[in-house]
Amino acid sequence: MKYFLMMLALTPLLTLAAEEQPLTPNSPLVYVNQNIGFNVKGFKYKQSEFPCNIDKAMVEDLVDKAKTQGLRFEPVSTAAKIRNGVVPVLLIDVEQLVLGSEHQFGTKQSSALPKIQITAALLKGKEMATAKHTCAIMSLNEFTPSSNVLDLGSNGVTVCDATQKCLKDLSKDVVEWIEPQIR
């Protein structure tokens, strides 16, 4: 019985360790384009103006999540590396961005809760695969005791904090989509 209880206690740790794969020199390499696009028809947007640093946070989250899957994601911003033709490149366009009522782009829905929809493209040589990925915060219950969006900051939580959580989920989806295509 004692052995059984000990195994039950260790099972989550063993499962977690089995999911993570170590990086090796032979781990697949993917360049991640740091110049994330903003693909909303008719809207001119400068890269440095992304609210909540979503571009930088998304690239960091992608690199971190890839490491846990045994993949090497290297952020790049030069045309030479992006057009290299040998190493696959992950390109990202933001299609919808909702960050509170003041920052809503590319969507007809009105919501003050964070939502990000991207189109991810994996460029391998002359071939390209694309997929849309979306993350959204659907409820404030995990951030505040109420569901009123105006209370978002009452416990020190901001719209950007909720967006960072959303980006972590989005990055996980993107890495899971890419992994079978590069192994």
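Here, the structure is the one placed above.
Residues numbered from 1 in each chain as written. Predicted model: local features only at pLDDT ≥ 70, side-chain atom pairs only at ≥ 80, totals over all residues. Heavy atoms only, no water.

### Thoughts on the pattern of salt bridges
Two side chains that carry opposite charge are able to pair once their charged atoms sit near each other. What counts, and what does not: In what follows, salt bridge is the name for a side-chain nitrogen of Lys or Arg lying within 4 Å of a carboxyl oxygen of Asp or Glu. Under the scheme used here, helices are H or I runs from DSSP no shorter than 4 residues and strands are E runs no shorter than 2 residues, and both carry numbers assigned from the N terminus.
In this structure the tally under the stated criterion is four salt bridges. With a closest N to O distance of 3.3 Å, Lys-168 and Asp-61 form a salt bridge. Within this pair, whereas Lys-168 is found in helix 4 (residues 159–182), its partner Asp-61 is found in helix 2 (residues 54–68), the two being separated by 107 residues in sequence. The partner of Arg-183 in a salt bridge is Glu-179, and the shortest N-O contact between them spans 3.2 Å.

### Considerations on the state of the cysteines
A covalent bond between the sulfur atoms of two cysteines is what we call a disulfide. Spelled out, the test is: Any two cysteine sulfur atoms lying within 2.5 Å of each other are counted as a disulfide. Think of it in three bands: residues with accessible area under 20% of the maximum for their type are buried, residues over 50% are exposed, and the middle band is partly exposed, with areas taken using a 1.4 Å probe on protein chains only.
With the rule as written, the count across this model stands at two disulfides. One disulfide in the model links Cys-52 with Cys-160; its S-S distance is 1.9 Å. Note on the Cys-52 and Cys-160 pair: the S-S dihedral is about -75°, so by sign convention the disulfide is left-handed. Pair noted here: Cys-52 is in the loop between strand 2 (37–38) and helix 2 and Cys-160 is in helix 4, with a separation of 108 residues, a long-range link. Given a relative accessible area of 16%, Cys-52 falls into the buried group. When its relative accessible area of 29% is taken as the criterion, Cys-160 is described as partly exposed. Here the cysteine-cysteine linkages of the protein chain are recorded as 1-3, 2-4, numbering only bonded cysteines and doing so in sequence order.

Geometry only, nothing functional implied.
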